[in-house]
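Structure at a glance
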Amino acid sequence: MKIKISNGGEKMSFIVAIDGPAGSGKGTVAKLIGERLNLTNIDTGAMFRCIALQMQRENVKLEDEEKIKEILDKSNIELKTNKGILKVYLNGEDVSTAIRTEEVSNFVSPVSTIKIVREKLLMLQRKIAETQDVVMEGRDIGTAVFPNANVKIFLVASIEERAKRRMKQLQEKEAQQREELMRAHSELYTLQQQHRALLTAHQMSGGNEADRLKAKEQLTRIIAQVTRAMEALKQ
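Residues numbered from 1 in each chain as written. Predicted model: local features only at pLDDT ≥ 70, side-chain atom pairs only at ≥ 80, totals over all residues. Heavy atoms only, no water.

1. Things to note about the pattern of salt bridges
Opposite charge on two side chains makes pairing possible when the charged atoms of those side chains draw close. Under the criterion given, the structure shown has nine salt bridges. With its nearest N and O atoms 3.0 Å apart, the salt bridge here joins Glu 58 to Lys 74. With Glu 58 in the loop between α2 (44-57) and α3 (65-74) and Lys 74 in helix α3, this pair connects stretches of sequence that are 16 residues apart. With a relative accessible area of 46%, Lys 74 lands in the partly exposed category. Note that Lys 115 and Glu 119 form a salt bridge whose closest N and O atoms lie 4.0 Å from each other. (Salt bridge = Lys/Arg side-chain N within 4 Å of Asp/Glu carboxyl O. Helix = DSSP H or I, 4+ residues; strand = E, 2+ residues; numbered from the N terminus. Buried < 20%, exposed > 50% of the residue type's maximum accessible area, 1.4 Å probe, protein only.)

See below:
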């Protein structure tokens, strides 16, 4: 597998890891931090989605490890950021929209639990961070992928807020709204116990929690924290 990151900036080495459950706003915060502090925003979720998409296209089963390995070996993923807009390419094709469909969204979770997929993408994520100043968001980023990141943030949104965000996403897609909205609301409430377990693990790893703040206040605090860490390295 090959992965290429392009943002037109200089290559450095500083890592901001943003973790948290689905619907906590990781992607939005990572994007804004990248824009304001000139960090390369790496959407790790998009990388998993690319593999999930290719598996669907080739009708590869979750248990077919040999075929999955072939896909990992031949997949070329490119993440390009232009004026704050992320474009995702898989083997030269712009799949920015294709990887966000409900079909891929429903499939990516089990794909992300496959050991060889996690190991391969973890290795690539670490390789990216060797030469660039980055902000990465995703599950286990601050614990398993970058336990020694310069700044680690665990975003927490209330169950109600996560439900609202998920519902808004589905409304924008206009895809089976009523059924999907009810399912999303139910699913988000069942995540509460998992959410608590994740938070406990993150706190044990030395990360900082950003919980239940208004979006603007949350972002201001996080950017201030990252800025202090960057300035400390220059001294």
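2. Thoughts on the packing of α2 against α3
At a closest axis distance of 10 Å, the pairing of α2 and α3 adopts a crossing angle of 125 degrees. Judged by the inter-axis angle, α2 sits oblique to α3. Of the two possible hands of crossing, α2 and α3 adopt the one that is right-handed. Contact with α2, carried on its side by Ile 51, Gln 54 and Met 55, involves Ile 68, Ile 71 and Leu 72 of α3 and no other residues of that element. Looking at the contact of α2 with α3, its residues break down into five nonpolar, one polar and no charged. (Axes fitted to C-alpha atoms, helices over the stretch in contact; angles between N-to-C directions. Parallel < 35°, antiparallel > 145°, perpendicular 65-115°, else oblique. Left-handed = near helix turned anticlockwise from the far one by under 90°. Contact = heavy atoms within 4.5 Å. Nonpolar A, V, L, I, M, F, W, Y, C, P; charged D, E, K, R; others polar.)

3. Some thoughts on unusual backbone geometry
The residue Asn 59 is not glycine, and still its phi comes out positive at about 55 degrees. Locating Asn 59 in the fold gives a position in the loop between α2 and α3. Judged by relative accessible area, Asn 59 falls into the exposed class, the value being 65%. With phi around 55 degrees, Asn 91 is a residue other than glycine that occupies positive phi space. One can find Asn 91 in the loop between β5 (85-90) and β6 (93-94). Accessibility expressed as a relative area gives 41% for Asn 91, which makes it partly exposed.

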